[in-house]
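Here are the chains, one letter per residue:
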Amino acid sequence: MQIKAYLYLMAAAILVPVILFAGLTLRLLQQSETEQALAGLGQAARGAALLVEDELADAETALRALAASPALASGDLAALRSEALAATRGPASWTILMDGDGRQLLNTLLPAGVALPTERQQGLEVLFAQQRALASDLMPGRISGRLMTYVALPVVIGERRYVLAEGFSNEHFRRHLGSAVAADWQVDLFDRKGNTVSSNLGAVEVVGQPAAPDLLAAMRGAESGLLGLKLRRGDAARAAFQRVGKSGWTVVVAAPLRGLAAGSGQAKRLAALGLAAALASAAALSAWFGRVYARSMARAIDTAVALGSGAAPDPGRSRIVEIDRLLQALRQAGDQLRRAQAFREQTGNERQHLLEREQKARQMAEEENRAKDQFLAMLGHELRNPLAPIGTAAQLLKMPGLDPHRARYAGDVIGRQIEHMNRLLSDMLDVSRVTRGLVTLNLEDVDLRNVVERAVEQTRPLMEECQHRLELSVPAQPVLARGDQTRLTQVVANLLTNSAKYTPPHGHIQLVLSAAGSEAQLQVADDGEGIGAELLPRVFDLFSQGERKADRPQGGLGLGLALVRSLVHHHGGSVEASSPGRGGGSIFTVRLPLKQELPALSGAGVSPVRAPDAAPTSLRVMLVDDNIDAAVSLSLLLEAAGDHLVSTYYDAASALEWAAFERPDVFILDIGLPDMNGYELARRLRALPQFAQTTLIALTGYGQLQDKVRAREAGFDLHIAKPAEPDEILSALARVRVGDMRVADMRVTDMRVTEARVADSERAG
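Residues numbered from 1 in each chain as written. Predicted model: local features only at pLDDT ≥ 70, side-chain atom pairs only at ≥ 80, totals over all residues. Heavy atoms only, no water.

## Focus: the sheet that holds strand β19 (residues 620–624)
Moving on, step 1. An order of β20-β19-β21-β22-β23 is seen for the 5 strands of this open sheet, with the pairing classed as parallel. A strand with exactly one partner marks an edge of an open sheet, and here the two such strands are β20 (645–649) and β23 (718–721). With strand direction ignored, the average angle separating the axes of adjacent strands in the sheet is 20 degrees.
Moving on, step 2. Here β19 pairs with strand β21 (residues 666–669) via 4 bridges, running parallel. Within the sheet, the bridge partner assigned to Met-622 lies in β21 and is Phe-667.
Moving on, step 3. The strands that helix α15 (residues 652–662) touches are β19, β20 and β21; relative to β19, the one it contacts most, it runs at about 175 degrees. (Pairing = 2+ DSSP bridges. Helix = DSSP H or I, 4+ residues; strand = E, 2+ residues; numbered from the N terminus. Axes fitted to C-alpha atoms, helices over the stretch in contact; angles between N-to-C directions. Contact = heavy atoms within 4.5 Å.)

Set out below in structure tokens:
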């Protein structure tokens, strides 16, 4: 046997135990890496908890410094406010001063001189009883309306008691939670009740969400620990939680399992790579030593032969191929490392891009939130405006000796203002239904010239009031499109109304209808105020409006153009706006397909009341509504205008108690009743055999499509949304059919009801 074979056998005898030991070592290494990862997870939770505890301690220190301020002792709130502003530690925190009864005396979140909330803060007696600073649970802010927390410190100066508090938004703690963890780790801060105070991921939308039941049970059972859970994005994870000092809050740090496994897997791969390198080195050394020995023997033989022949020995040296292979493997490893570096750089660029997108999305959300706030303020103004003349007219009607002319005028004022409020509510409901696809289009072949004519007729009073000159340009031939004539008329009327509102008096408005190819084009142009470059991209968004002056001549809620865009899109068309800028007027262009069938939008609804064969002259009506004024006024109207016999109740229990005695022909039920809702009352009435076929009418302010479907499922025959026109209610009652024996039964029932009510009165007395 050659010496090479002995060397290979020796290397094999050495390497086999090494391989077995290396496998065991890899297993232990993987377990060690996993334990280290979990230990690091717990350490991260403790570190985050210490950061939050330090932040709360800093807040308490700042509050104690303010409590010792001479400005507080002397009652100089202006000086105390300056000191509090100087001590503010970021835009996401502010200082609050309350007296012992919980009334706010100072709040740095508001500018100086602005009125503070008058509501009293409850639960302050706990602070004075414990005489130490306490951290609150998550609660809605009285000024910002957003969820917040605070650290409160009781202060007693002589006989005066104060509470100094530092409030925090969720953004205040977010910078601490994600500062020392991986980007895909989820770090949450929970209050004592288990509600989310702040998070490094999805900061705004997760605030206030409750902790998972398993996590909540674990936090309440121990101050720290480990458990398995799922991240908000759905990934399985391991989590460590740690109680934050004496505040009762808890920090939870969760890492995805794939990330933890990746760490141990990387160690395993590195160990395996080291083992492979060791095996290659051992094989190379074995081959090198074999060749050294063989060549040495051959060289010795050659030297001996050369010496024997007198020739000089060959001085050449042999090459070791395994080392070249090892170098080639190292070069390949270098190439892999360079590719890994490039991948990390690409990942960083993608993360930066995602961050920029998130910031842009946040800015858009803030703009939408500001638009919503402006809309709510405008809605309050538009709804309060009609209330002043309604209240004045109501007082006028109460005056003794009022002549019929003034009474009629007061009634007309109330009617006009109610119609105005009804239009505002209808606009909002239209936008909600259309944008959610809950409107059914009655599609038919429509001549757009007729649409233009109807829209012009609707807006004529506004045009005349503003003294505008409206110029029309329509073709002589029909311009046919497939659509809903009512909704298309609404589109054109909204555009004309918008131009009329934002054009100064004596302005010029032009409407041009044309057809080209497969499209119809309708253009509304004016020489009014125009649209600024900053408003033009979002002019069709909800609640977007141009700049309003102090006298607010335009009015409205910023819904008209949003409704235009939604309706045009439902018809398969498009709408765009253009303007050279402020004072340059504006142009709105609508394009619709000509004679193109569009799929009708499906919408569920409540079926109308069955058509009767004959209507009685009068009905027994049971009216149930907890609004006493609304119930009494409607009952008087039904008795006066319809000659109906109306019994009125203000809760569901009384209605159920007397229904069997009165046996009404029709029930008119409100939905929002105090003891049970109208749906449940309808179900219980339907369960009674005598009312299985009786007509049930829902008269309610809940007017959405799902409300109508729910009313049908509860057993109602008809759904009428408030405020309802009296003619609509009277028309519904006129279609009710009753049995032949109703008149006789009415007399008997009325006698029973009278006797029962007399008996109840005697028992009560």
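Now that the structure is up, let's keep going.
## A short note on unusual backbone geometry
Moving on, step 1. Of note, the phi angle at Gln-467 is positive, near 60 degrees, even though the residue is not glycine.
Moving on, step 2. A positive phi angle, near 45 degrees, is found at Arg-663, a position not held by glycine.
Moving on, step 3. Take Arg-663: its relative accessible area is 30%, and that puts it in the partly exposed class. (Buried < 20%, exposed > 50% of the residue type's maximum accessible area, 1.4 Å probe, protein only.)

## Section: a nonpolar patch on the surface
Moving on, step 1. The grouping of Ile-628, Val-632, Leu-636 and Tyr-650 at the surface amounts to a nonpolar patch, some 330 Å² of accessible area in total.
Moving on, step 2. On the basis of relative accessibility, which here comes to 46%, the residue Ile-628 falls in the partly exposed class. (Patch = residues over 30% accessible without salt bridge, like charges linked within 9 Å, V, L, I, M, F, W, Y side chains within 5 Å. Areas by Shrake-Rupley, 256 points an atom, 1.4 Å probe, with all protein chains shown as cover. Salt bridge = Lys/Arg side-chain N within 4 Å of Asp/Glu carboxyl O.)

## Quick notes on the confidence of the model for the protein
Moving on, step 1. Looking at the protein as a whole, its pLDDT mean stands at 79, while 78% of the residues score no less than 70.
Moving on, step 2. Across the protein, element-level confidence peaks in β21 with a mean pLDDT of 95 and bottoms out in helix α19 (residues 742–764) with 41.
Moving on, step 3. With pLDDT under 50 throughout, residues 311–317 is counted as low confidence; its partners more than four residues away or in other chains account for 6 contacts.
Moving on, step 4. Here residues 549–554 scores under 50 on pLDDT; set against residues more than four positions off or in separate chains, the count is 9 contacts. (pLDDT = per-residue confidence, 0-100.)

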